[in-house]
Amino acid sequence: KGKGKGGQGGGAAAAQASGGKAGAAAAAPIAGLPDVGPGLYCCTFTLQFEAGGTYYIASCYPYSFNDLQDNLDSLVYRLTMQQQHIQQQLQSQQQQPQQQHAAVSAEQGSGNAGGLTVPDVTASPLPLVRSLLCYTLSGHRCDLITITDFSAPPEVIRQREYIVLTARVHPGETCASWIMQGILDFLTSSHPVAAILRSSFIFKVVPMLNPDGVVNGNYRSSLAGVDLNRVWDKPVKWLHPTVYHSKKLLQQLAAAGRLALFVDIHGHSTKEDVFFYGCEPNLMGLPNQSAGQKDTKQAAAKAQAAEPPDTTLPGSGSAGASGLQQPADMIAAGASGSTTLPAVLGAGLGQPAAGAAGGSGPLGAAAGYTSDKNGLVNPSTAASTQSSAALNARTAARLRVRMLPYLTSRLSQDYSIEKCNFRIRKYKLSAARVVVHREMGVAGSYTLEASLAGQSTSRTHFSIKDYIMQGHNLCRAIADLAEVDDALLLEEMSCRLVLPPYVSTYTA
(Lines give C-alpha, C1' and ligand atoms only; values in the text may rest on other atoms or scores of the structure.)
Protein backbone atom coordinates (compact mmCIF):
# COMPACT_ATOMS: atom_id res chain seq x y z
CA LYS A 1 0.00 0.00 0.00
CA GLY A 2 1.07 3.60 -0.41
CA LYS A 3 0.25 6.95 -1.87
CA GLY A 4 1.54 6.36 -5.35
CA LYS A 5 4.79 4.94 -6.55
CA GLY A 6 6.66 8.01 -5.33
CA GLY A 7 6.12 6.82 -1.78
CA GLN A 8 7.06 3.25 -2.45
CA GLY A 9 10.82 3.62 -1.93
CA GLY A 10 12.83 1.49 0.41
CA GLY A 11 14.57 -1.00 -1.82
CA ALA A 12 11.42 -2.62 -3.25
CA ALA A 13 11.77 -3.75 -6.85
CA ALA A 14 8.63 -3.84 -8.95
CA ALA A 15 7.95 -6.90 -11.07
CA GLN A 16 5.17 -6.71 -13.63
CA ALA A 17 3.39 -10.04 -13.85
CA SER A 18 2.26 -11.22 -17.26
CA GLY A 19 -1.22 -11.80 -15.93
CA GLY A 20 -3.33 -14.77 -14.87
CA LYS A 21 -2.38 -17.57 -12.55
CA ALA A 22 0.54 -18.57 -14.70
CA GLY A 23 2.14 -15.14 -14.53
CA ALA A 24 5.71 -15.35 -13.21
CA ALA A 25 8.90 -13.38 -12.84
CA ALA A 26 11.97 -15.56 -13.07
CA ALA A 27 15.69 -14.93 -13.07
CA ALA A 28 17.82 -15.95 -16.02
CA PRO A 29 19.44 -19.38 -15.92
CA ILE A 30 22.76 -19.53 -14.12
CA ALA A 31 24.51 -20.59 -17.33
CA GLY A 32 23.55 -17.29 -18.91
CA LEU A 33 24.84 -15.12 -16.08
CA PRO A 34 28.14 -13.28 -16.46
CA ASP A 35 31.02 -14.07 -14.13
CA VAL A 36 30.14 -12.39 -10.83
CA GLY A 37 33.66 -12.70 -9.44
CA PRO A 38 35.36 -14.82 -6.79
CA GLY A 39 33.54 -15.10 -3.49
CA LEU A 40 30.28 -13.77 -4.93
CA TYR A 41 27.11 -15.79 -5.40
CA CYS A 42 23.89 -15.39 -7.34
CA CYS A 43 20.58 -16.69 -6.03
CA THR A 44 17.89 -17.45 -8.60
CA PHE A 45 14.23 -17.97 -7.76
CA THR A 46 10.83 -18.10 -9.39
CA LEU A 47 7.72 -16.26 -8.21
CA GLN A 48 4.24 -17.35 -9.27
CA PHE A 49 1.44 -14.83 -8.82
CA GLU A 50 -2.23 -15.60 -8.34
CA ALA A 51 -3.35 -12.67 -10.47
CA GLY A 52 -1.91 -10.05 -12.77
CA GLY A 53 -0.76 -6.67 -11.50
CA THR A 54 2.25 -4.85 -10.11
CA TYR A 55 4.12 -6.58 -7.30
CA TYR A 56 6.92 -5.24 -5.13
CA ILE A 57 9.73 -7.61 -4.17
CA ALA A 58 11.58 -6.33 -1.11
CA SER A 59 14.66 -7.53 0.73
CA CYS A 60 13.11 -6.34 3.99
CA TYR A 61 9.78 -5.00 5.24
CA PRO A 62 9.08 -1.82 3.23
CA TYR A 63 9.00 1.55 4.95
CA SER A 64 8.31 4.42 2.57
CA PHE A 65 8.63 8.18 2.87
CA ASN A 66 4.84 8.37 3.10
CA ASP A 67 4.95 5.84 5.94
CA LEU A 68 7.28 8.13 7.86
CA GLN A 69 5.09 11.19 7.31
CA ASP A 70 1.98 9.27 8.33
CA ASN A 71 3.65 7.85 11.44
CA LEU A 72 4.97 11.26 12.52
CA ASP A 73 1.51 12.78 12.00
CA SER A 74 -0.05 9.95 14.04
CA LEU A 75 2.54 10.32 16.78
CA VAL A 76 1.94 14.06 17.15
CA TYR A 77 -1.83 13.51 17.05
CA ARG A 78 -1.68 10.80 19.71
CA LEU A 79 0.43 12.94 22.03
CA THR A 80 -1.89 15.91 21.49
CA MET A 81 -4.95 13.82 22.33
CA GLN A 82 -3.24 12.50 25.45
CA GLN A 83 -2.40 16.03 26.51
CA GLN A 84 -5.98 17.18 25.98
CA HIS A 85 -7.26 14.22 28.00
CA ILE A 86 -4.92 15.07 30.85
CA GLN A 87 -5.97 18.72 30.64
CA GLN A 88 -9.62 17.75 30.92
CA GLN A 89 -8.89 15.59 33.96
CA LEU A 90 -7.00 18.41 35.63
CA GLN A 91 -9.81 20.85 34.95
CA SER A 92 -12.33 18.39 36.38
CA GLN A 93 -10.25 17.96 39.50
CA GLN A 94 -9.92 21.73 39.73
CA GLN A 95 -13.66 22.30 39.56
CA GLN A 96 -14.58 19.78 42.27
CA PRO A 97 -13.26 21.83 45.26
CA GLN A 98 -14.96 24.94 43.90
CA GLN A 99 -18.30 23.16 43.57
CA GLN A 100 -18.00 21.67 47.04
CA HIS A 101 -17.14 25.07 48.53
CA ALA A 102 -20.08 26.68 46.71
CA ALA A 103 -22.45 24.02 48.09
CA VAL A 104 -21.22 24.52 51.66
CA SER A 105 -21.49 28.29 51.34
CA ALA A 106 -25.08 28.00 50.09
CA GLU A 107 -26.08 25.79 53.02
CA GLN A 108 -24.54 28.18 55.52
CA GLY A 109 -26.11 31.13 53.78
CA SER A 110 -22.78 32.92 53.59
CA GLY A 111 -23.23 33.77 49.95
CA ASN A 112 -19.47 33.55 49.46
CA ALA A 113 -19.50 30.96 46.69
CA GLY A 114 -16.39 32.33 45.09
CA GLY A 115 -14.28 32.60 48.23
CA LEU A 116 -12.12 29.57 47.46
CA THR A 117 -9.17 30.17 45.15
CA VAL A 118 -7.83 27.11 43.31
CA PRO A 119 -4.50 27.42 41.46
CA ASP A 120 -4.66 27.10 37.70
CA VAL A 121 -3.15 23.73 36.77
CA THR A 122 -2.33 22.93 33.15
CA ALA A 123 -1.03 19.80 31.48
CA SER A 124 2.65 19.46 30.65
CA PRO A 125 3.69 20.45 27.13
CA LEU A 126 4.23 17.79 24.50
CA PRO A 127 7.55 15.96 24.86
CA LEU A 128 8.07 16.16 21.10
CA VAL A 129 8.65 19.03 18.70
CA ARG A 130 8.59 18.31 14.98
CA SER A 131 10.53 20.76 12.84
CA LEU A 132 12.14 20.99 9.42
CA LEU A 133 15.87 20.31 9.12
CA CYS A 134 15.95 21.12 5.38
CA TYR A 135 14.44 20.24 2.03
CA THR A 136 15.99 17.66 -0.28
CA LEU A 137 17.02 18.16 -3.90
CA SER A 138 13.54 17.15 -5.07
CA GLY A 139 11.77 19.22 -2.43
CA HIS A 140 10.94 16.54 0.13
CA ARG A 141 10.96 17.26 3.85
CA CYS A 142 13.82 16.11 6.03
CA ASP A 143 12.28 16.10 9.48
CA LEU A 144 14.09 16.93 12.72
CA ILE A 145 12.46 15.63 15.90
CA THR A 146 13.34 17.06 19.31
CA ILE A 147 12.34 15.02 22.36
CA THR A 148 12.80 16.06 25.99
CA ASP A 149 10.82 17.08 29.07
CA PHE A 150 9.81 20.62 28.13
CA SER A 151 7.95 21.13 31.41
CA ALA A 152 11.19 21.74 33.30
CA PRO A 153 12.44 25.29 33.88
CA PRO A 154 14.40 26.74 30.95
CA GLU A 155 17.63 26.91 32.95
CA VAL A 156 17.34 23.18 33.65
CA ILE A 157 16.70 22.32 30.02
CA ARG A 158 19.71 24.37 28.95
CA GLN A 159 21.97 22.21 31.11
CA ARG A 160 20.94 18.94 29.47
CA GLU A 161 23.23 17.08 27.12
CA TYR A 162 22.21 16.01 23.62
CA ILE A 163 21.87 12.58 22.07
CA VAL A 164 21.64 12.59 18.26
CA LEU A 165 20.09 9.66 16.40
CA THR A 166 19.89 9.32 12.62
CA ALA A 167 18.64 6.61 10.27
CA ARG A 168 17.93 5.61 6.69
CA VAL A 169 20.87 7.22 4.94
CA HIS A 170 20.78 4.08 2.75
CA PRO A 171 17.24 3.75 1.35
CA GLY A 172 17.27 -0.04 0.94
CA GLU A 173 18.00 -0.64 4.64
CA THR A 174 14.36 -0.36 5.64
CA CYS A 175 14.81 -2.10 8.98
CA ALA A 176 16.56 1.07 10.19
CA SER A 177 13.25 2.93 9.91
CA TRP A 178 11.42 0.29 11.93
CA ILE A 179 14.06 0.54 14.66
CA MET A 180 13.73 4.32 14.56
CA GLN A 181 9.97 4.01 14.91
CA GLY A 182 10.53 1.90 18.02
CA ILE A 183 12.85 4.59 19.39
CA LEU A 184 10.34 7.38 18.79
CA ASP A 185 7.46 5.37 20.25
CA PHE A 186 9.46 4.51 23.37
CA LEU A 187 10.92 7.96 24.02
CA THR A 188 7.48 9.59 23.83
CA SER A 189 5.75 6.92 25.92
CA SER A 190 4.78 7.01 29.60
CA HIS A 191 7.30 4.29 30.47
CA PRO A 192 9.33 5.25 33.59
CA VAL A 193 12.63 4.73 31.74
CA ALA A 194 11.44 7.02 28.93
CA ALA A 195 10.50 9.68 31.48
CA ILE A 196 13.98 9.46 33.00
CA LEU A 197 15.59 9.83 29.58
CA ARG A 198 13.45 12.86 28.73
CA SER A 199 14.31 14.54 32.02
CA SER A 200 18.03 13.84 31.57
CA PHE A 201 18.74 14.47 27.88
CA ILE A 202 17.58 16.25 24.77
CA PHE A 203 17.18 13.88 21.83
CA LYS A 204 17.68 15.22 18.32
CA VAL A 205 16.38 12.67 15.81
CA VAL A 206 16.64 12.68 12.02
CA PRO A 207 14.50 9.64 11.14
CA MET A 208 15.21 9.68 7.38
CA LEU A 209 18.46 11.17 6.07
CA ASN A 210 17.83 10.24 2.43
CA PRO A 211 14.17 10.90 1.55
CA ASP A 212 14.96 11.30 -2.16
CA GLY A 213 16.60 7.90 -2.34
CA VAL A 214 13.66 6.32 -0.55
CA VAL A 215 11.05 7.97 -2.78
CA ASN A 216 12.86 7.00 -5.98
CA GLY A 217 13.47 3.41 -4.93
CA ASN A 218 17.26 3.61 -4.72
CA TYR A 219 19.06 1.01 -2.69
CA ARG A 220 22.06 2.99 -1.44
CA SER A 221 22.42 6.35 -3.17
CA SER A 222 20.72 9.72 -3.15
CA LEU A 223 18.94 11.42 -6.04
CA ALA A 224 22.36 12.70 -7.15
CA GLY A 225 23.69 9.14 -7.26
CA VAL A 226 25.87 9.68 -4.17
CA ASP A 227 26.36 7.45 -1.13
CA LEU A 228 25.53 10.04 1.52
CA ASN A 229 27.42 8.09 4.17
CA ARG A 230 30.67 8.80 2.33
CA VAL A 231 30.46 12.60 2.20
CA TRP A 232 30.35 13.53 5.89
CA ASP A 233 33.91 14.86 5.78
CA LYS A 234 33.07 17.50 3.14
CA PRO A 235 29.32 17.69 2.47
CA VAL A 236 28.17 20.17 -0.18
CA LYS A 237 25.12 22.21 0.84
CA TRP A 238 23.38 22.18 -2.55
CA LEU A 239 24.28 18.56 -3.38
CA HIS A 240 24.02 16.83 0.02
CA PRO A 241 21.67 19.12 1.99
CA THR A 242 20.52 16.59 4.60
CA VAL A 243 24.07 15.59 5.54
CA TYR A 244 25.27 19.20 5.40
CA HIS A 245 22.64 20.45 7.85
CA SER A 246 22.93 17.39 10.09
CA LYS A 247 26.67 17.93 10.39
CA LYS A 248 26.16 21.61 11.16
CA LEU A 249 23.82 20.65 13.99
CA LEU A 250 26.31 18.14 15.39
CA GLN A 251 29.15 20.66 15.14
CA GLN A 252 27.17 23.26 17.08
CA LEU A 253 26.35 20.81 19.86
CA ALA A 254 29.90 19.50 20.02
CA ALA A 255 31.38 23.00 20.08
CA ALA A 256 29.19 23.79 23.08
CA GLY A 257 30.40 20.62 24.81
CA ARG A 258 26.90 19.17 24.93
CA LEU A 259 27.00 16.27 22.47
CA ALA A 260 26.88 13.10 24.54
CA LEU A 261 26.15 10.36 22.03
CA PHE A 262 25.69 9.83 18.30
CA VAL A 263 24.13 6.71 16.75
CA ASP A 264 23.54 6.25 13.01
CA ILE A 265 21.17 3.34 12.32
CA HIS A 266 21.67 1.03 9.32
CA GLY A 267 20.70 -2.39 8.00
CA HIS A 268 23.16 -5.15 7.12
CA SER A 269 22.53 -7.51 4.21
CA THR A 270 25.16 -10.21 4.89
CA LYS A 271 25.46 -10.60 8.67
CA GLU A 272 23.00 -11.77 11.29
CA ASP A 273 22.00 -10.15 14.62
CA VAL A 274 22.24 -6.48 15.60
CA PHE A 275 25.65 -5.03 16.34
CA PHE A 276 27.66 -1.81 16.53
CA TYR A 277 30.55 -0.29 14.65
CA GLY A 278 32.43 2.06 16.93
CA CYS A 279 35.73 3.92 17.04
CA GLU A 280 38.75 2.84 19.01
CA PRO A 281 39.87 5.71 21.26
CA ASN A 282 43.06 7.63 20.75
CA LEU A 283 45.46 6.11 23.28
CA MET A 284 48.28 8.60 22.81
CA GLY A 285 49.26 10.11 26.14
CA LEU A 286 47.59 7.39 28.19
CA PRO A 287 49.90 5.31 30.42
CA ASN A 288 50.38 1.61 29.85
CA GLN A 289 50.19 1.01 33.61
CA SER A 290 47.28 1.63 35.91
CA ALA A 291 47.69 4.06 38.76
CA GLY A 292 47.47 1.15 41.20
CA GLN A 293 50.24 -0.74 39.45
CA LYS A 294 52.45 2.36 39.33
CA ASP A 295 51.93 3.10 43.03
CA THR A 296 52.67 -0.50 43.90
CA LYS A 297 55.93 -0.46 41.97
CA GLN A 298 56.96 2.83 43.59
CA ALA A 299 56.20 1.44 47.03
CA ALA A 300 58.20 -1.66 46.23
CA ALA A 301 61.16 0.44 45.10
CA LYS A 302 61.07 2.49 48.30
CA ALA A 303 60.82 -0.60 50.47
CA GLN A 304 63.72 -2.22 48.67
CA ALA A 305 65.86 0.89 49.13
CA ALA A 306 65.08 1.01 52.87
CA GLU A 307 65.97 -2.63 53.63
CA PRO A 308 69.45 -4.19 53.64
CA PRO A 309 70.23 -5.89 50.31
CA ASP A 310 70.81 -9.33 51.89
CA THR A 311 67.35 -9.44 53.53
CA THR A 312 65.24 -8.09 50.68
CA LEU A 313 63.68 -10.47 48.19
CA PRO A 314 62.97 -9.30 44.66
CA GLY A 315 59.49 -7.84 44.42
CA SER A 316 58.81 -8.05 48.16
CA GLY A 317 57.33 -4.57 48.22
CA SER A 318 54.42 -5.58 45.96
CA ALA A 319 53.24 -8.59 47.88
CA GLY A 320 51.05 -6.61 50.25
CA ALA A 321 48.24 -6.10 47.75
CA SER A 322 45.44 -8.56 48.36
CA GLY A 323 42.34 -9.22 46.28
CA LEU A 324 40.88 -6.85 43.70
CA GLN A 325 41.01 -3.10 43.93
CA GLN A 326 38.19 -1.23 45.58
CA PRO A 327 35.63 0.37 43.23
CA ALA A 328 36.97 3.86 43.89
CA ASP A 329 40.31 2.79 42.48
CA MET A 330 38.94 0.99 39.47
CA ILE A 331 37.75 3.98 37.43
CA ALA A 332 40.35 4.55 34.78
CA ALA A 333 40.72 7.67 32.72
CA GLY A 334 39.17 7.59 29.26
CA ALA A 335 40.53 8.54 25.88
CA SER A 336 42.31 11.85 25.71
CA GLY A 337 41.13 14.14 22.98
CA SER A 338 37.44 13.26 23.41
CA THR A 339 36.20 16.29 25.28
CA THR A 340 32.51 16.64 24.52
CA LEU A 341 30.77 14.06 26.66
CA PRO A 342 28.74 15.00 29.74
CA ALA A 343 29.51 13.74 33.20
CA VAL A 344 26.50 11.43 33.26
CA LEU A 345 27.51 9.58 30.08
CA GLY A 346 31.17 10.50 29.92
CA ALA A 347 32.33 7.70 32.16
CA GLY A 348 30.57 5.20 29.96
CA LEU A 349 31.83 6.46 26.62
CA GLY A 350 35.51 7.03 26.98
CA GLN A 351 35.69 10.31 28.85
CA PRO A 352 37.82 10.82 31.96
CA ALA A 353 35.68 11.07 35.05
CA ALA A 354 36.42 13.88 37.45
CA GLY A 355 39.14 12.86 39.83
CA ALA A 356 39.40 9.45 38.22
CA ALA A 357 42.36 7.25 38.97
CA GLY A 358 43.59 4.37 36.89
CA GLY A 359 43.03 0.71 37.50
CA SER A 360 40.17 -1.75 37.14
CA GLY A 361 39.34 -5.42 37.12
CA PRO A 362 40.81 -8.37 35.29
CA LEU A 363 41.05 -8.83 31.55
CA GLY A 364 39.57 -12.30 31.42
CA ALA A 365 41.25 -15.07 29.51
CA ALA A 366 43.51 -12.63 27.67
CA ALA A 367 45.17 -11.74 30.99
CA GLY A 368 45.42 -15.32 32.19
CA TYR A 369 42.46 -15.08 34.54
CA THR A 370 40.21 -18.00 35.38
CA SER A 371 36.51 -17.37 35.79
CA ASP A 372 33.40 -19.23 36.77
CA LYS A 373 30.56 -20.23 34.43
CA ASN A 374 29.06 -16.74 34.74
CA GLY A 375 32.25 -15.08 33.57
CA LEU A 376 33.11 -13.64 36.98
CA VAL A 377 36.52 -13.82 38.59
CA ASN A 378 37.20 -16.80 40.80
CA PRO A 379 38.17 -15.29 44.20
CA SER A 380 40.58 -18.14 44.85
CA THR A 381 42.73 -17.06 41.89
CA ALA A 382 42.38 -13.31 42.27
CA ALA A 383 45.27 -12.87 44.68
CA SER A 384 47.63 -15.04 42.66
CA THR A 385 47.04 -12.97 39.54
CA GLN A 386 47.06 -9.57 41.19
CA SER A 387 49.94 -8.37 39.04
CA SER A 388 47.68 -8.43 35.97
CA ALA A 389 44.39 -7.68 37.70
CA ALA A 390 44.39 -3.88 37.51
CA LEU A 391 43.35 -2.37 34.19
CA ASN A 392 45.62 0.27 32.79
CA ALA A 393 44.18 3.48 31.40
CA ARG A 394 44.46 2.33 27.79
CA THR A 395 42.51 -0.87 28.37
CA ALA A 396 39.88 1.00 30.37
CA ALA A 397 39.45 3.53 27.56
CA ARG A 398 38.94 0.73 25.03
CA LEU A 399 36.37 -0.92 27.29
CA ARG A 400 34.46 2.30 27.78
CA VAL A 401 33.58 2.69 24.10
CA ARG A 402 32.22 -0.85 24.26
CA MET A 403 29.91 -0.16 27.20
CA LEU A 404 26.80 0.72 25.18
CA PRO A 405 27.13 -2.31 22.85
CA TYR A 406 27.75 -4.51 25.87
CA LEU A 407 24.69 -3.22 27.72
CA THR A 408 22.44 -3.77 24.70
CA SER A 409 23.69 -7.36 24.41
CA ARG A 410 22.78 -7.90 28.07
CA LEU A 411 19.24 -6.68 27.44
CA SER A 412 18.46 -8.67 24.29
CA GLN A 413 19.79 -11.68 22.44
CA ASP A 414 19.15 -9.81 19.19
CA TYR A 415 22.24 -7.72 19.96
CA SER A 416 25.65 -9.36 19.57
CA ILE A 417 28.74 -7.94 21.26
CA GLU A 418 30.90 -10.49 19.42
CA LYS A 419 30.03 -9.04 16.01
CA CYS A 420 30.86 -5.46 17.02
CA ASN A 421 33.89 -3.89 15.40
CA PHE A 422 35.74 -0.76 16.54
CA ARG A 423 38.52 -0.56 13.99
CA ILE A 424 38.51 2.49 11.73
CA ARG A 425 39.20 1.57 8.13
CA LYS A 426 40.42 4.00 5.50
CA TYR A 427 37.37 3.73 3.28
CA LYS A 428 35.17 4.65 6.26
CA LEU A 429 37.01 7.88 7.12
CA SER A 430 34.21 9.90 5.51
CA ALA A 431 31.40 7.95 7.20
CA ALA A 432 29.21 9.63 9.81
CA ARG A 433 30.45 7.84 12.94
CA VAL A 434 34.13 8.33 12.05
CA VAL A 435 33.74 12.02 11.19
CA VAL A 436 31.81 12.71 14.39
CA HIS A 437 34.47 10.87 16.36
CA ARG A 438 37.56 12.39 14.72
CA GLU A 439 36.45 15.93 13.89
CA MET A 440 34.20 16.56 16.90
CA GLY A 441 36.01 14.50 19.53
CA VAL A 442 33.00 12.36 20.46
CA ALA A 443 34.04 8.99 21.86
CA GLY A 444 30.47 7.66 21.83
CA SER A 445 29.96 7.72 18.07
CA TYR A 446 28.43 4.55 16.62
CA THR A 447 26.89 2.91 13.61
CA LEU A 448 24.12 0.50 14.60
CA GLU A 449 23.75 -2.35 12.11
CA ALA A 450 20.62 -4.52 12.11
CA SER A 451 20.51 -7.65 10.00
CA LEU A 452 18.00 -7.76 7.18
CA ALA A 453 17.84 -11.47 7.98
CA GLY A 454 17.55 -12.46 11.62
CA GLN A 455 19.11 -13.79 14.80
CA SER A 456 21.97 -16.27 14.70
CA THR A 457 21.14 -18.13 17.92
CA SER A 458 17.46 -18.84 17.28
CA ARG A 459 17.89 -19.04 13.49
CA THR A 460 14.68 -17.05 13.06
CA HIS A 461 13.93 -14.13 10.77
CA PHE A 462 13.44 -10.74 12.39
CA SER A 463 9.86 -9.47 12.30
CA ILE A 464 8.69 -5.86 12.32
CA LYS A 465 7.94 -6.25 16.02
CA ASP A 466 11.51 -7.45 16.58
CA TYR A 467 12.93 -4.33 14.94
CA ILE A 468 10.65 -2.08 16.98
CA MET A 469 11.72 -3.84 20.19
CA GLN A 470 15.35 -3.37 19.19
CA GLY A 471 14.66 0.37 19.19
CA HIS A 472 13.12 0.07 22.66
CA ASN A 473 16.13 -1.84 23.95
CA LEU A 474 18.57 0.71 22.57
CA CYS A 475 16.80 3.37 24.63
CA ARG A 476 16.91 1.15 27.71
CA ALA A 477 20.62 0.58 27.21
CA ILE A 478 21.25 4.34 26.99
CA ALA A 479 19.40 4.78 30.27
CA ASP A 480 21.45 1.98 31.85
CA LEU A 481 24.65 3.60 30.60
CA ALA A 482 23.72 6.88 32.29
CA GLU A 483 23.05 5.20 35.64
CA VAL A 484 25.45 2.27 35.68
CA ASP A 485 28.15 1.84 38.32
CA ASP A 486 31.11 2.55 36.08
CA ALA A 487 33.66 0.63 38.14
CA LEU A 488 31.55 -2.49 38.49
CA LEU A 489 30.68 -2.53 34.80
CA LEU A 490 34.34 -2.21 33.84
CA GLU A 491 35.06 -5.10 36.19
CA GLU A 492 32.37 -7.25 34.58
CA MET A 493 33.38 -6.37 31.03
CA SER A 494 37.04 -7.06 31.68
CA CYS A 495 36.07 -10.54 32.86
CA ARG A 496 33.88 -11.39 29.90
CA LEU A 497 35.40 -9.57 26.93
CA VAL A 498 38.66 -10.31 25.18
CA LEU A 499 39.90 -7.19 23.41
CA PRO A 500 41.49 -7.62 19.98
CA PRO A 501 44.97 -6.21 19.42
CA TYR A 502 44.95 -2.44 19.26
CA VAL A 503 45.61 -0.98 15.82
CA SER A 504 46.88 2.57 16.07
CA THR A 505 46.76 3.32 12.33
CA TYR A 506 43.82 3.27 9.97
CA THR A 507 43.66 0.05 7.96
CA ALA A 508 42.54 -0.55 4.43
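Placed above this text is the structure.
Residues numbered from 1 in each chain as written. Predicted model: local features only at pLDDT ≥ 70, side-chain atom pairs only at ≥ 80, totals over all residues. Heavy atoms only, no water.

Draft legend 1. Spatial organisation of the pattern of salt bridges. One pass over the full model with this rule turns up 13 salt bridges. Residues D227 and R220 are paired through a salt bridge, measuring 3.0 Å at the closest nitrogen-oxygen approach. For the salt bridge of R459 with E272, the shortest nitrogen-to-oxygen distance reads 2.8 Å. One end of the pair, R459, is in the loop between β12 (454-455) and β13 (460-461); the other, E272, is in the loop between β9 (259-268) and β10 (274-277), with 187 residues separating them in the sequence. (Salt bridge = Lys/Arg side-chain N within 4 Å of Asp/Glu carboxyl O. Helix = DSSP H or I, 4+ residues; strand = E, 2+ residues; numbered from the N terminus.)

Draft legend 2. Here's a closer look at the side chain of S177. The residue S177 is located in helix α3 (residues 175-187) in this model. Given a relative accessible area of 2%, S177 falls into the buried group. Excluding residues that lie within four positions of it along the chain, S177 makes contacts with Y63, R168 and M208. (Buried < 20%, exposed > 50% of the residue type's maximum accessible area, 1.4 Å probe, protein only. Contact = heavy atoms within 4.5 Å.)

Draft legend 3. Highlighting the packing of aromatic side chains. One pass over the full model with this rule turns up nine aromatic pairs. Relative to Y55, the ring of F49 has its centre 4.0 Å away and its plane inclined at 25°; by these criteria the two rings are stacked. By relative accessible area, which is 9% here, F49 ends up buried. The class of Y55 is partly exposed, set by a relative accessible area of 26%. An aromatic cluster is defined as three or more aromatic residues linked by ring pairs; in this entry it consists of Y61, F462 and Y467. The cationic tip of R402 hangs over the ring face of F422; the distance from NZ or CZ to the ring centre is 4.2 Å. Over the ring of Y277 we find K428; its NZ or CZ atom is 5.1 Å from the centre of that ring. (Phe/Tyr/Trp six-rings, centres within 6.5 Å; stacked < 30°, edge-to-face > 60°. Lys NZ or Arg CZ within 6 Å of the ring centre and 35° of its normal.)

Draft legend 4. The sheet that holds strand β6 (residues 141-147), seen in detail. A sheet is described by the order of its strands in space; here seven strands give the open sequence β5-β6-β8-β7-β9-β11-β10, paired in mixed fashion. In this open sheet, the two strands that pair with only one neighbour each are β5 (128-135) and β10. On average, each strand axis in the sheet is inclined to that of its neighbour by 20°, with strand direction left out of account. Pairing analysis gives seven bridges linking β9 to strand β11 (residues 445-451), with the strands arranged parallel. What sits directly across from H268, in β11, is S451. Running at roughly 140° to β9, α3 makes contact with β6, β7 (161-167), β8 (201-206), β9 and β11 of the sheet. Sitting on the sheet, helix α4 (residues 192-200) touches β6, β7 and β8, and the angle it makes with β8 is about 95°. (Pairing = 2+ DSSP bridges. Axes fitted to C-alpha atoms, helices over the stretch in contact; angles between N-to-C directions.)

Draft legend 5. Just the pairing of β9, in detail. Of all 10 residues making up β9, 10 are buried, and the element is well covered by its neighbours. Alignment of β7 against β9, held across six bridges, turns out to be parallel. Considered in β9, the bridge of L165 is made with V263.

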